[in-house]
Amino acid sequence: MSAALETAVPLDDLLQGEVHSVDTRWGPLTVTVSGARGGTPCLTFHDVGLSHRSCFQGLLLALGPKSLLLRNYTLYHVDAPGCQAAGAEVPPTFLPLSLGRLADALADVASHFKLKEVLGLSAGVGAQVLAQLAAEQPELFCGLILVSPSCRRPGWWEWGWGSLAARQLYHSGWVPSAKQYFIQRLFGQLTQQALAGESDLVQAYRRESEQLAPAATAHYLWAALARPDITGMLPTLRCRVLLVYGDEALHRGDCLELACRARKDRLAVLEVAQAGGLASEEKPQEVVGVVESFLTGLQLEGYGLGSQLRVGE
């Protein structure tokens with residue numbers, strides 16, 4: 001989302017690829033397949049207020065083409081219903097949208113592509129969806145990279161302000177107050193207030209949010225605000241988990257709860273200072289080393305070797 005991303009190496013090989021419309025039990029989802037062909041599958045799912053492109057582009061660019069993720073994995077980027085393009089709509093069969101329905105639909109995506117031993121990469125509410133799916137189908141995943149996941153019901157402050165933003169989005173579109181809600185939800189104070197005003201990342205978000213369908217974003221936000229508590233499911237996670245969150249993240253308390261409940265022998269944690277919920281985009285250089293170490297650990301267990309059996313150096 002930053003200005004550097006817009007002028008640096010092309011993102012085509014990282015976030016654009018073959019676009020598929022996959023029928024699920026609740027309706028069609030758009031899936032973009034990119035990365036190493038024939039590699040280990042990596043299923044991504046973005047946070048509310050973002051698309052797969054705006055949620056992961058900073059991290060993927062920082063990792064670079066020589067990283068284990070981009071050499072050994074085939075990326076299956078799933079966009080929430082209606083969030084794949086500016087003029088898209090949520091299929092009526094998905095309504096009322098819920099995180100449970102999204103988890104069901106992602107399971108159908110994995111079944112459609114015949115995915116096995118999947119690495120999950122997700123953020124925010126999207127991370128809760130993947131965590132729920134991994135708890136329900138532990139045999140499907142070999143690892144999870146969760147960026148500032150939620151796992152509990154929203155508090156009154158999040159619910160009230162979010163409900164107002166959702167109504168504004170649905171009825172009036174991307175008005176300034178709706179954009180400001182997501183900026184404060186996603187980013188830390190340092191990113192929001194750079195020395196000469198807003199940072200490049202926030203300015204880019206203001207521009208790129210216009211590419212999201214406001215009504216579809218509102219439905220995803222309503223689903224996020226009606227999310228269930230899944231803390232009781234967290235001890236059943238069997239795969240390795242990398243938990244990354246900013247110390248100013250909206251769901252920092254949820255992240256600490258997840259860290260307490262998940263199996264300690266399968267968990268790695270990184271708290272990023274002076275970052276919000278989207279720490280992987282705010283400070284990707286502080287995250288890439290931990291991600292590479294996590295992927296190397298998966299290789300030692302026989303996962304993520306890729307089609308050419310590359311082992312981390």
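Everything that follows concerns the structure shown earlier in this document.
Note that the coordinates shown come from a computational prediction; the quantities given were computed from them, not determined experimentally.

### Here's the deal with the pairing of strand E7 (residues 240-246)
Part 1 of the reasoning: Counting buried positions over the seven residues of E7 gives six, a clear majority of the element.
Part 2 of the reasoning: Direction of pairing for strand E6 (residues 141-147) relative to E7: parallel, over a ladder of five bridges. Bridge pairing links Ile145 to Leu242 in E7.
Part 3 of the reasoning: Across six bridges, E7 lies against strand E8 (residues 267-272) in parallel orientation. Paired with Gly246 across the strands is Val272, a residue of E8.
Part 4 of the reasoning: Taken together, E7, helix H12 (residues 252-261) and E8 constitute a β-α-β crossover, and its handedness is right-handed.

### Notes on helix H7 (residues 156-172)
Part 1 of the reasoning: The end-to-end C-alpha distance of H7, which contains 17 residues, comes to 24 Å, matching closely the 24 Å that a straight helix rising 1.5 Å per residue would cover.
Part 2 of the reasoning: Listed as buried for H7 are Glu158, Gly162, Ser163, Ala165, Ala166 and Leu169.
Part 3 of the reasoning: Among the structural elements, helix H8 (176-186) and helix H11 (214-225) are those in contact with the buried residues of H7.
Part 4 of the reasoning: Once H7 finishes, Gly173 follows within two positions and takes phi at roughly 80 degrees, a positive value.

### Observations regarding the environment of Val31
Part 1 of the reasoning: Positionally, Val31 belongs in strand E2 (residues 27-35).
Part 2 of the reasoning: Relative accessible area serves as the criterion here: at 0%, Val31 is assigned to the buried category.
Part 3 of the reasoning: Along the chain, Val31 and His77 lie 46 residues apart, while their C-alpha atoms are 5.4 Å from each other.
Part 4 of the reasoning: In this structure, Val31 is in contact with Glu18, Val19, His20, Val22, Tyr76, His77, Val78, Val109 and Phe113, ignoring residues within four places of it in sequence.

### Focus on the packing of aromatic side chains
In this description, a pair of aromatic rings is defined by centroid distance and the angle of the planes.
Part 1 of the reasoning: By the definition in use, this model includes nine aromatic pairs.
Part 2 of the reasoning: Ring plane angle 90 degrees and centroid distance 5.0 Å describe the contact between Trp161 and Tyr181, whose orientation is recorded as edge-to-face. Of this pair, Trp161 sits in helix H7 while Tyr181 sits in helix H8, and the two are 20 residues apart along the sequence.
Part 3 of the reasoning: What makes Trp161 partly exposed here is its relative accessible area of 25%.
Part 4 of the reasoning: Under the relative-accessibility criterion, Tyr181 is labelled buried at 2%.
Part 5 of the reasoning: Relative to Trp222, the ring of Tyr170 has its centre 5.6 Å away and its plane inclined at 55 degrees; by these criteria the two rings are tilted. On the criterion of sequence distance, the pair formed by Tyr170 in helix H7 and Trp222 in helix H11 is long-range, its members being 52 residues apart.
Part 6 of the reasoning: Trp222 gets classed as partly exposed once you look at its relative accessible area, which sits at 31%.
Part 7 of the reasoning: Three or more aromatic residues joined by ring pairs make a cluster, and in this case those are Trp157, Trp161, Trp174, Tyr181 and Phe182.

### Comments concerning the sheet that holds E6
Part 1 of the reasoning: An order of E1-E2-E4-E3-E5-E6-E7-E8 is seen for the eight strands of this open sheet, with the pairing classed as mixed. Each of the sheet's edge strands pairs with one partner strand only, and the pair in question is strand E1 (18-24) and E8. Across the sheet, the mean angle from the axis of one strand to that of its neighbour is 20 degrees, orientation sign disregarded.
Part 2 of the reasoning: The pairing of E2 with strand E4 (residues 73-79) spans six bridges and is antiparallel. Bridge pairing in E4 places Val31 opposite Val78.
Part 3 of the reasoning: With respect to the sheet, H12 is in contact with E6, E7 and E8, its orientation differing from that of E7 by roughly 155 degrees.

Procedures and definitions
- Residues numbered from 1 in each chain as written.
- Predicted model: local features only at pLDDT ≥ 70, side-chain atom pairs only at ≥ 80, totals over all residues.
- Heavy atoms only, no water.
- Buried < 20%, exposed > 50% of the residue type's maximum accessible area, 1.4 Å probe, protein only.
- Helix = DSSP H or I, 4+ residues; strand = E, 2+ residues; numbered from the N terminus.
- Pairing = 2+ DSSP bridges.
- Right-handed = clockwise from strand over helix to strand, strands pointing away.
- Expected span 1.5 Å × (residues − 1).
- Contact = heavy atoms within 4.5 Å.
- Phe/Tyr/Trp six-rings, centres within 6.5 Å; stacked < 30°, edge-to-face > 60°.
- Axes fitted to C-alpha atoms, helices over the stretch in contact; angles between N-to-C directions.

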